[in-house]
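What follows is each chain in one-letter form.
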Amino acid sequence: LDGFVVNAVATVEEAFAHLDRVRYDAVLTDVFMAGIGGIEGIRELRRRAPELAIVAMSGGLADRMGKGSALAAAIKSGAHRAVSKPFQREDLANALRGALADVQVAPPAAAS
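Residues numbered from 1 in each chain as written. Predicted model: local features only at pLDDT ≥ 70, side-chain atom pairs only at ≥ 80, totals over all residues. Heavy atoms only, no water.

(A) Summary view of the environment of L28. Along the chain, L28 turns up in strand β1 (residues 26-30). Separated by ten residues in sequence, L28 and G38 have C-alpha atoms that sit 9.9 Å apart. Contact partners of L28, with chain neighbours within four places excluded, come to V55, M57 and L92. (Helix = DSSP H or I, 4+ residues; strand = E, 2+ residues; numbered from the N terminus. Contact = heavy atoms within 4.5 Å.)

Here it is in structure tokens:
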């Protein structure tokens, strides 16, 4: 994705296992997931790796909470940036670059 090397996992628990073995610069997480949810996951990621750039995403679930409030909760919980689904690839790349800049990690150059 636009110069980023990506590893995908299905759950927050899997992400924690990866973080125990490999150093990552950033994490992209959904707010609503099975198991440990995104908000709790963000809090734990922030505790375990305060230098990690975190971007939250959500399409919102009307029966849980509105999309805007879910993303606001993610930011309040420690995410640096948030994107609303559906999003454009460029919006996601910009959110990741912004989050990396927030934690002062050199992000990949923007694709021309």
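(B) Here's a closer look at the packing of aromatic side chains. A complete count under the given rule lists zero aromatic pairs for this structure. It is R48 that lies over the ring of F16; its NZ or CZ is 4.1 Å from the centre. (Phe/Tyr/Trp six-rings, centres within 6.5 Å; stacked < 30°, edge-to-face > 60°. Lys NZ or Arg CZ within 6 Å of the ring centre and 35° of its normal.)

(C) Molecular detail of the sheet that holds β1. A sheet is described by the order of its strands in space; here three strands give the open sequence β1-β2-β3, paired in parallel fashion. Edge positions in the open sheet fall to β1 and β3 (81-84), since each of these has one partner strand only. For this sheet the average axis-to-axis angle between neighbouring strands, irrespective of direction, equals 20°. The pairing of β1 with strand β2 (residues 53-58) spans five bridges and is parallel. (Pairing = 2+ DSSP bridges. Axes fitted to C-alpha atoms, helices over the stretch in contact; angles between N-to-C directions.)

(D) Looking closely at the environment of F16. With respect to the helices, strands and loops of the structure, F16 is situated in helix α1 (residues 12-21). A residue is classified by how much of its surface remains accessible, and F16, at 7% relative accessible area, is buried. Between the alpha carbons of F16 and L45 there is a distance of 7.8 Å; along the sequence they are 29 residues apart. Dropping the residues within four chain positions of it, F16 is found in contact with I36, G41, E44, L45 and R48. (Buried < 20%, exposed > 50% of the residue type's maximum accessible area, 1.4 Å probe, protein only.)

(E) Main features of the pattern of salt bridges. Counted by the stated rule, this structure contains six salt bridges. For R48, the salt bridge is made with D20, and the minimal N-O distance between the two is 3.8 Å. Here D20 lies in helix α1 and R48 lies in helix α2 (residues 38-48), a separation of 28 residues in the sequence. The exposure class of R48 is partly exposed, given its relative accessible area of 39%. (Salt bridge = Lys/Arg side-chain N within 4 Å of Asp/Glu carboxyl O.)

(F) Just the nonpolar core, in detail. Core analysis: the biggest nonpolar cluster contains 17 residues, and V31, L52 and A74 have the highest contact counts within it. Going through the elements one at a time, α1, α2, β2 and α3 (67-77) are the ones with two or more residues in this core. Once you skip the residues sitting within four places of it in the chain, L52 turns out to touch L19, Y24, D25, A26, V27, L45, R46, H80 and V103. (Core = buried A, V, L, I, M, F, W, Y, C linked by side-chain atoms within 4.5 Å.)

(G) How the structure looks around the packing of α1 against α2. Look at α1 against α2: their axes get within 11 Å of each other, and the N-to-C directions meet at 10°. As summarised for this structure, α1 and α2 are arranged roughly parallel, according to the angle between their axes. Residues V12, F16, L19 and D20 of α1 pack against G41, E44, L45 and R48 of α2. When its residues are assigned to classes, the contact of α1 with α2 shows four nonpolar, one polar and three charged. (Parallel < 35°, antiparallel > 145°, perpendicular 65-115°, else oblique. Nonpolar A, V, L, I, M, F, W, Y, C, P; charged D, E, K, R; others polar.)

The analysis is restricted to geometry; functional conclusions fall outside its scope.
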